[in-house]
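# A closer look at the structure
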Amino acid sequence: MGASGKGEFSRRWCVLGDGVLSYFENERAVTPNGEIRASEIVCLAVPPPDTHGFEHTFEVYTEGERLYLFGLESTEQAHEWVKCIAKAFVPPLAEDLLARDFERLGRLPYKAGLSLQRAQEGWFSLSGSELRAVFPEGPCEEPLQLRKLQELSIQGDSENQVLVLVERRRTLYIQGERRLDFMGWLGAIQKAAASMGDTLSEQQLGDSDIPVIVYRCVDYITQCGLTSEGIYRKCGQTSKTQRLLESLRQDARSVHLKEGEQHVDDVSSALKRFLRDLPDGLFTRAQRLAWLEASEIEDEEEKVSRYRELLVRLPPVNRATVKALISHLYCVQCFSDTNQMNVHNLAIVFGPTLFQTDGQDYKAGRVVEDLINHYVVVFSVDEEELRKQREEITAIVKMRVAGTASGTQHAGDFICTVYLEEKKAETEQHIKIPASMTAEELTLEILDRRNVGIREKDYWTCFEVNEREEAERPLHFAEKVLPILHGLGTDSHLVVKKHQAMEAMLLYLASRVGDTKHGMMKFREDRSLLGLGLPSGGFHDRYFILNSSCLRLYKEVRSHRPEKEWPVKSLKVYLGVKKKLRPPTCWGFTVVHETEKHEKQQWYLCCDTQMELREWFATFLFVQHDGLVWPSEPSRVSRAVPEVRLGSVSLIPLRGSENEMRRSVAAFTADPLSLLRNV
């Protein structure tokens, strides 16, 4: 019974019992006008009030592609009917989905994990922007946060549509087997995944709680506009800025900014307009005055401490957005020799924007200036985070300097050669590497191109191979690829292959107690790099202790004071030791440490057994990456990669002369903290 207005409903007496929903002409009738078996129900939907003329309605979809619409005026009665019908058709394995209210509940064919050969039937419930799922095998899945999806797309033709949902490291394919209820699910999921309003927390969000609209703009400016003269001071064309902002507000996830289609000034203007128009402002109405007052504190240390206090009080999305924006502006001012936008100039632009003033209150600009100047301290940015940020920005800009010098300005993303399983001509793949691409994304794309399926316990990984050192390093799945490419020598390359030791390492990590490892290993320094070393230049027994912060070397087990100590997160650990060093065993690894002055130290370690080597290497990975050695989702699905990936935007030629660009890059690379020392 379909209806679009209250007058089109037919009044019926309804009875639910013994797994059957029957509707009668009236309460005295004996024979029902019709009935719906609970086993035939595939979906139960609860539209917003007054959708169909009644205060409350609910929709029942059946396997026979029929839709039944029921309406009530009473909130309590509507809620009770929905709850009872849901209990009648949802099986025990999915009854956890009934614990909370929902807009949509039902069963759908899906593919996920390792089971991509055939579709299975799963149970789903949509509540707000969360999609909960229960699958026949395995525990209840973590809900998908639809406004945090990396991708939402529809694949296939009109007859065989598939909804693809990608959230972090899991991919879910929902198939449109029954068109009627599938179209209802599709519309509801698309609506739930869109921005819900004008406030920050109602936007589509990324993994770090940063609105996608902010991420899109900042990422584009980082890749395309860091050296654009007057960036953020110059305004874009009003009409283009307005159109872009409307698209971003409607569905930022589907907007992919491309050089040639959007100018950097249009994108920067759209970001400024979005931040200025936030109803509650970035710093919130309740706390705005406190931030402005803090800027007048004369003692710098006390002022910074006050900023840190106020930062903690901001809502999580606001706090994450403030950090992301100030981090970006910190990078922008590092190139002020070329873009003419130093800290003061950026503060003049962003003070009134972020505090939504008319520009007359100097305190707004002072807050922004202070936050950029004290970026590292206010936002607790550690050395490792700053190093990664520096490497990524330097890699982007140097790639473009090279493109400018060689006349290949139109080349777009950096293209590199990656091999599958081994280095030979027939296995090489030439692939575009956007600045945001991780090692995991690169691995999946290579496998997709060669149509390689991932089976259970296939630990496909991207390796950095150094032929001269005869060593290789498996990249962490979340590691950014572009900075690695920037640092690769002519005798190094990337290869995607199975990590044969990963299963054993994961089993070891799951069974061990504590986060430290200690024991004897054979040690040798690289005298050619250090200009010093052990007298014989050979391998010597040393005792090592590895914990969450550092690796310590002791002359012997009884020693109280370490001979050497290295911060663990600054180490790069490669499997293998070159043969000309005559390692005492074949189970060794090469360790590289880059000092604060960018000087490289290198040494070699050898273990007595293969298992010992794997245990040490697993512990290194564990402490360097805070316990996340492999993606939490055990099944990384190989899937077709869309033409445009998240963050995959073109790299455009730099503004300014080649010499100006080189000076900016050199200054930033040499000392990114130089600005802070003047505070």
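Residues numbered from 1 in each chain as written. Predicted model: local features only at pLDDT ≥ 70, side-chain atom pairs only at ≥ 80, totals over all residues. Heavy atoms only, no water.

Labelled according to an unreviewed UniProt entry, the protein appears under the name ArfGAP with RhoGAP domain, ankyrin repeat and PH domain 1, originating from Gorilla gorilla gorilla. For the protein, the Subcellular location (unreviewed entry) comment in UniProt is given as "Cytoplasm". (UniProt positions renumbered as here; feature names shortened; annotations may be inferred.)

Below, the discussion takes up the packing of helix α4 (residues 238–251) against helix α5 (residues 264–276). Two quantities define a packed helix pair, namely the angle between the axes and the distance from one axis to the other. Taken N-terminus to C-terminus, the directions of α4 and α5 make an angle of 60°; their axes are 9 Å apart at the nearest point. Taken together, the axes of α4 and α5 are oblique relative to one another. α4 and α5 meet at a crossing whose hand is right-handed. Residue-level contacts link K240, T241, Q242, L244, L245 and R249 of α4 to D266, V267, S269, A270, R273 and F274 of α5. (Axes fitted to C-alpha atoms, helices over the stretch in contact; angles between N-to-C directions. Helix = DSSP H or I, 4+ residues; strand = E, 2+ residues; numbered from the N terminus. Parallel < 35°, antiparallel > 145°, perpendicular 65-115°, else oblique. Left-handed = near helix turned anticlockwise from the far one by under 90°. Contact = heavy atoms within 4.5 Å.)

This next bit is on the packing of aromatic side chains. Following the criterion strictly, the structure yields 17 aromatic pairs and no others. Geometrically, the ring pair formed by Y232 and F350 is edge-to-face, given 5.0 Å between the ring centres and 70° between the ring planes. In this pair, Y232 is assigned in the loop between α3 (212–224) and α4 and F350 in helix α10 (residues 343–355), connecting sequence segments 118 residues apart. For the pair shown, Y232 and F350 are each scored as buried. Between Y543 and Y554, the aromatic rings sit 6.3 Å apart at their centres with planes inclined by 55°, giving tilted as the arrangement. One end of the pair, Y543, is in strand β20 (residues 540–546); the other, Y554, is in strand β21 (residues 550–554), and 11 residues separate them in sequence. (Phe/Tyr/Trp six-rings, centres within 6.5 Å; stacked < 30°, edge-to-face > 60°. Buried < 20%, exposed > 50% of the residue type's maximum accessible area, 1.4 Å probe, protein only.)

Time to look at empty space enclosed by the protein. Summed over all chains, the structure comprises 2 cavities of 30 Å³ or more. The computed volume of the largest cavity comes to approximately 110 Å³. Lining the largest cavity are 16 residues, with T461, L475, H476, F477 and W630 positioned closest to its centre. Listed by contribution, the elements that provide at least two residues to the lining of the largest cavity are α14 (439–449) and β16 (460–466). (1 Å grid on protein atoms, 1.4 Å probe; cavity = no way out; pocket = protein on both sides within 12 Å on 5 of 7 lines; lining within 4 Å. Points joined across faces, edges and corners; volume = space filled by probe spheres on them.)

All right, on to helix α1 (residues 75–89) then. In this model α1 runs 22 Å from its N-terminal to its C-terminal C-alpha over 15 residues, within 8% of the 21 Å that 1.5 Å per residue would give. Residues of α1 that are buried include every one of A78, V82, I85, A86 and F89, and no others. Seen from one end, α1 has its buried residues packed into an arc of 100°, which puts them on one side. Those residues of α1 that are exposed and angled more than 90 degrees off the buried face are E76 and K87. (Expected span 1.5 Å × (residues − 1). Arc of directions from axis to C-beta.)

The next thing to look at is unusual backbone geometry. Backbone geometry places Q356, a non-glycine residue, at a positive phi of 55°. With respect to the helices, strands and loops of the structure, Q356 is situated in the loop between α10 and α11 (362–373). A positive phi angle is found at S380, which is not glycine, with a value near 50°. When you line up the elements, S380 lands in the loop between α12 (375–378) and α13 (383–406).

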